Amino acid sequence: MRQKFTLITLGVKDFQKALAFYEGLGWKKSEQSQETYALFLLGGIVLGIYPLQELEKDTTLYHQQTAFSGMTISYNAISEEEVNAVMQEAQTARSNHCETCTESVLGGYSGYFKDLDGLCVRGSLQPFWQIDRDGNLVL
């Protein structure tokens, strides 16, 4: 298997509200999206949102809500100002939880917010990581 993920799909309780949330972050839905499956191109990877009940059927698994799933998705910024702007956009888009940005225990500067279904997203500046001119993380 190639060392690459190409699509992450989130099962959402209310598709229309979730769509409005991600569009509220300023994200543009792909023309390849369908009526109940929205796709957002994120610089080499695609984020999909899909009704949770339909995703349960597709996986043949039952979703169980927890306060923290043990997974985060990060938006790596190029400055503290950009991290603060991301967090403000999340609040404007009606994030369920927004944590004040602070110095990170791993170094750098970060804050967390949750989307409408509890996915934990981190806005982060890691000064020891490089972001290329296309906004991609270079390790």
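So, a few notes on the structure that sits alongside this text. What you see is a predicted model; the values in this text were computed from it and never measured. Sequence order sets the numbering: in each chain, residues are counted from 1 along the sequence as written. Thresholds applied to this predicted model are a pLDDT of at least 70 for local features of residues and 80 or more for the giving and counting of side-chain atom pairs; totals over whole chains, interfaces and linings are not thresholded and use all residues. Neither water nor hydrogens contribute to the side-chain values; these are computed over all heavy atoms in the structure.

1. So, the overall build of the protein
Next, step 1: Counting from the N terminus, the helices are the DSSP runs of H or I reaching at least four residues and the strands are the DSSP runs of E reaching at least two. Each helix and strand counted, the protein has three helices and 10 strands in total.
Next, step 2: The N-to-C order of helical and strand elements in the protein reads β-α-β-β-α-β-α-β-β-β-β-β-β.
Next, step 3: As a reference, a globule follows 2.2 Å times the number of residues to the power 0.38, and the radius of gyration itself is taken over C-alpha atoms. Computed over the C-alpha atoms, the radius of gyration of the protein is 15 Å, within 12% of the 14 Å expected from 2.2 N^0.38 for a compact globule of 139 residues.
Next, step 4: For the protein, the spread of C-alpha atoms along the three principal axes comes to 40 × 35 × 25 Å.
Next, step 5: Each residue is assigned to one of three classes by its accessible area relative to the maximum for its type, calculated with a 1.4 Å probe on protein chains only: buried under 20%, partly exposed between the two thresholds, exposed over 50%. Looking at the protein as a whole, 33% of its 139 residues are labelled buried.
Next, step 6: Long-range pairs, those at least 24 residues apart, make up 48% of the contacts in the protein with a sequence separation of at least 6.
Next, step 7: Carbon together with sulfur atoms contributes 52% to the accessible area of the protein, which is approximately 9500 Å² in total.
Next, step 8: When charges are counted, Lys and Arg are positive and Asp and Glu negative, with His and the chain ends excluded. One atom stands in for each charge, and that atom is NZ of Lys, CZ of Arg, CG of Asp or CD of Glu. Taking the 11 positively charged and 17 negatively charged side chains of the protein as two groups, their mean positions are separated by 3 Å. In what follows, a contact means two residues having at least one pair of non-hydrogen atoms within 4.5 Å. Each accessible area is a Shrake-Rupley result for a 1.4 Å probe, and residues are judged covered by the shown protein chains and nothing else.

2. What to know about the packing of aromatic side chains
Next, step 1: Here the aromatic set is Phe, Tyr and Trp, taking the six-membered ring for Trp, and pairing holds for ring centres within 6.5 Å; pairs whose planes are under 30 degrees apart are stacked, those over 60 apart are edge-to-face, and all others are tilted. Under the criterion given, the structure shown has seven aromatic pairs.
Next, step 2: Between Phe21 and Phe113, the ring centres sit 6.5 Å apart and the planes meet at 55°, which makes this aromatic pair tilted. Placement of Phe21 in helix H1 (residues 15-24) and of Phe113 in strand E7 (residues 109-114) is noted, with a sequence separation of 92 residues between them.
Next, step 3: Judged by relative accessible area, which is 2%, Phe21 ranks as buried.
Next, step 4: Residue Phe113 is classed as buried on the basis of its relative accessible area of 4%.
Next, step 5: Among the aromatic residues, those joined into a ring-pair cluster are Phe21, Tyr22, Trp27, Phe40 and Phe113.

3. A short note on H1
Next, step 1: Restricting attention to buried positions, one finds in H1 the residues Phe15, Ala18, Leu19, Phe21 and Tyr22. Looking down the long axis of H1, one finds its buried residues gathered within 160° of arc, a one-sided arrangement. Opposite the packed face of H1, turned more than 90 degrees from it, sit the exposed residues Gln16 and Lys17.
Next, step 2: Buried residues along H1 sit in contact with strand E1 (7-12), strand E2 (38-41), strand E3 (46-51), helix H3 (80-92) and E7.
Next, step 3: We call two N or O atoms a polar contact when they sit within 3.5 Å, provided that within protein one can donate a hydrogen and the other can accept it, with sequence-adjacent residues counted only if both atoms are side-chain atoms. You can read the cap of H1 off the contacts: a side-chain oxygen lies 3.2 Å from the backbone nitrogen of Gln16, and it is on Asp14.
Next, step 4: Gly26 sits one or two residues past H1 and shows a positive phi near 90°. The directions from the helix axis to the C-beta atoms form the arc being described.

4. Some words on the nonpolar core
Next, step 1: By convention a nonpolar core is built from buried Ala, Val, Leu, Ile, Met, Phe, Trp, Tyr and Cys residues, the set being connected through side-chain atoms within 4.5 Å. Core analysis: the largest hydrophobic core is formed by 24 residues, its most contacted members being Leu10, Tyr22, Ile49, Val83 and Phe113.
Next, step 2: Looking at this core, the elements that each hand over two or more residues are E1, H1, E2, E3, H3, E7 and strand E8 (120-125).
Next, step 3: With five residues, the top contributor of residues to this core is H1.

5. Brief notes about the pattern of salt bridges
Oppositely charged side chains may form a pair once their charged atoms are brought near each other.
Next, step 1: Only one rule defines a salt bridge in this text: a Lys or Arg side-chain nitrogen within 4 Å of an Asp or Glu carboxyl oxygen. Enumeration over the complete set of coordinates arrives at one salt bridge.
Next, step 2: Linking Lys57 and Glu54 is a salt bridge whose minimum nitrogen-to-oxygen distance equals 3.3 Å. Here the residue Lys57 and the residue Glu54 both occupy positions in helix H2 (residues 52-59), the gap between them amounting to three residues, near one helical turn.
Next, step 3: Take Lys57: its relative accessible area is 59%, and that puts it in the exposed class.
Next, step 4: Overall, Glu54 belongs to the partly exposed group, its relative accessible area being 31%.

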